[in-house]
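Each chain is listed here by its residues.
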Amino acid sequence: MTRLQDVYPDNKIILREVGLRDGLQLVKKFPSTAAKQRWIRDEYAAGVRHFEVGSFLPAKTFPQFTDVRDIIATIASLPGAYGIALTLNERGVNEALESGVAEVATVVSATEEHSQANANRSRESAIANVRRLCELRDATAHKPVVNAAISMALGCSIVGAVDPNEVIRIAEKLFEAGVDMVAVADTVGYAGPKQVGELTAAVVKIAGSKPVCIHLHDTRGMGIANASAALDAGARVLDGSLGGLGGCPFAPGATGNVVFEDLVFLCESKGFSTGIDIEKLVAVRSILKSEMPDEQLYGGMARAGLPCGTAAKAA
């Protein structure tokens, strides 16, 4: 079994909780390190195994991630749990590799306009950075999984509609650069199920045996419908955040990522076992309410609970 197969087993749906990174990206008040560790341990007890833990970004700009190494260590202490850390430059990559995190993530924009506005670099330069990340990964002893997300893949906050052929071209270049997996990100919640399903199927086809992750935002209320379409199209890795926590600086009014608890229920209702106890997962929201009382939390499962007679966790 390769490292990739260990983290992302074949023929299994993997749900990744990104609240600790994407969910905290824009908050003014954020949980203490101890509260983050409770958040992780309680979700782990509910069956969650994949956590986006934070970013290796300047502490002055992103103080919510200054404890990222402590969070990585907490997850590493839990058997079968995996941490994912975001990096955007070589300094961050080196720090992530030194931390021993199980997965290093990075981002390439689907459009040239967004790449220049967001990162002040071309898409080709961003892909070259990914290639360098893969070279640095190959030189390490533990060889973490490398995941490159294509942001604005289903619609761009600057130019609007995105040509799916451009996304496919970028995905091919990322696989050629040596990434273990590609994530297709609807960063501003632009798309509907038809677009998501078609693009997911196309990227799954070129990925072959490698996993494809779908990262969805619920800006226009399409998050769960889009996740269902992605599952039908062959995606087996999906992101969500507890309580739909998060938002995007490029989508004013966005409600954040697809609600993680609702995503678990969607998968179970479609016959995909997640190994996650929904009622235990919903209970973890109390930590967020205590630590960030002004943050709006979303989710149908928290509001209505499981349907009568439905088990919290599928057999």
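It should be noted that the structure appears before, not after, this text.
Not measured: the values here are computed from a predicted model.

Caption draft 1: Layout of the sheet that holds strand β6 (residues 181-186). One closed barrel holds the 8 strands; their spatial order is β1-β2-β3-β4-β5-β6-β7-β8, and the pairing between them is parallel. When the angles between neighbouring strand axes are averaged without regard to direction, this sheet yields 30 degrees. Where strand β3 (residues 82-86) and strand β4 (residues 103-109) come together, 3 bridges link them in parallel fashion. From the neighbouring strand, Leu-86 faces β4, where its bridge partner is Ala-105. In this fold helix α6 (residues 123-138) packs onto β4 and β5 (145-151), with an angle of close to 165 degrees to the strand it touches most, β4. The sheet contacts of helix α10 (residues 260-269) involve β1 (14-17) and β8 (237-240), and relative to β1 the element is tilted by about 175 degrees.

Caption draft 2: Spatial organisation of the packing of helix α4 (residues 90-99) against α6. Interhelical geometry of α4 versus α6 gives an angle of 25 degrees and a closest axis separation of 11 Å. Here α4 is positioned roughly parallel relative to α6, judged by the angle of their axes. Viewed along their axes, α4 and α6 form a crossing whose handedness is right-handed. Across the interface between the two elements, Glu-90, Val-93, Asn-94 and Leu-97 from α4 touch Arg-132, Leu-133, Leu-136 and Arg-137 from α6. Here the contact of α4 with α6 is composed, by residue class, of 4 nonpolar, 1 polar and 3 charged.

Caption draft 3: Summary view of the side chain of Arg-21. Mapped onto the secondary structure, Arg-21 falls in the loop between β1 and α2 (33-46). Of the polar contacts made by the side chain of Arg-21, one reaches the side chain of Glu-52; its length is 3.3 Å. Filtering out sequence-adjacent residues up to four positions away, Arg-21 remains in contact with Glu-52, Val-53, Gly-54, Ser-55, Phe-65 and Leu-86.

Caption draft 4: Summary view of the nonpolar core. Counting residues in each nonpolar core, the largest one holds 86 residues, and the members touching the most others are Leu-15, Trp-39, Phe-51, Ile-150, Leu-174 and Val-179. The element that contributes the greatest number of residues to this core is helix α7 (residues 164-177), accounting for 7 residues. Ignoring sequence-local partners within four residues, the contact set of Leu-15 consists of His-50, Leu-238, Phe-260, Leu-263, Val-264, Cys-267, Thr-274 and Ile-276. Listed in part, the 15 residues of the second largest apolar core include Ile-14, Ala-149, Met-181 and Cys-213.

Caption draft 5: Quick peek at the layout of surface pockets. Approximately 730 Å³ is the volume found for the largest pocket. Elements with a contribution of two residues or more to the lining of the largest pocket: β2 (50-55), β4, α5 (112-119), β5 and β6. Sorting elements by how many residues they give to the lining of the largest pocket places β4 first, with 5 residues. Residues that form the lining of the largest pocket fall into these classes: 17 nonpolar, 14 polar and 6 charged.

Caption draft 6: Geometry of the environment of Arg-137. With respect to the element layout, Arg-137 can be found in helix α6. Owing to a relative accessible area of 7%, Arg-137 belongs among the buried residues under this scheme. Residues Arg-137 and Lys-280, spaced 143 residues apart in sequence, show a C-alpha to C-alpha distance of 36 Å. Residue contacts for Arg-137: discarding those within four places in its chain leaves Leu-97, Lys-143, Pro-144, Val-146, Gly-178 and Asp-180. Only 2.6 Å separates the side chain of Arg-137 from the side chain of Asp-138, close enough to count as a polar contact.

Cut-off values and rules
What you see as residue numbers is a count from 1 along each chain, following the sequence as written. Totals for whole chains, interfaces and linings use every residue, but because this is a predicted model, local features are given only for residues with pLDDT of at least 70 and side-chain atom pairs only at 80 or more, for both listing and counting. Based on all heavy atoms of the structure, the side-chain values leave hydrogens and waters out of the count. Only strands joined by at least two bridges in the DSSP assignment are considered to pair. Note on conventions: DSSP H or I runs of at least 4 residues are helices, E runs of at least 2 residues are strands, and numbering of each starts at the N terminus. Every axis in this analysis is a line fitted to C-alpha atoms, fitted for helices over the stretch in contact. Angles between the N-to-C directions lie between 0 and 180 degrees. Note on definitions: a residue-residue contact is assigned when non-hydrogen atoms from the two residues lie within 4.5 Å. Small angles under 35 degrees read as roughly parallel and large ones over 145 as roughly antiparallel, with 65 to 115 read as roughly perpendicular and the rest as oblique. Here a crossing is taken to be left-handed if its near helix is turned anticlockwise relative to the far helix by less than a right angle, and right-handed if that turn runs clockwise. Three residue categories are used. Nonpolar comprises Ala, Val, Leu, Ile, Met, Phe, Trp, Tyr, Cys and Pro, charged comprises Asp, Glu, Lys and Arg, and polar comprises the others, including Gly. Counted as a polar contact is a pair of N or O atoms within 3.5 Å, where, for protein atoms, one must be capable of donating a hydrogen and the other of accepting one, and residues adjacent in sequence contribute only when both atoms are in side chains. Residues enter a nonpolar core if they are buried and are Ala, Val, Leu, Ile, Met, Phe, Trp, Tyr or Cys, with the set joined through side-chain atoms within 4.5 Å. Buried means the residue's accessible area, taken with a 1.4 Å probe over protein chains only, is under 20% of the maximum for its type, while exposed means over 50%, and partly exposed covers the values in between. Using a 1 Å grid laid over the protein atoms alone, points where a 1.4 Å probe fits but cannot get out form a cavity; open sets with protein on both sides within 12 Å along at least 5 of 7 lines form a pocket; any residue with an atom within 4 Å of a point counts as lining. Grid points are joined across faces, edges and corners, and a volume is the space filled by probe spheres set on the points.

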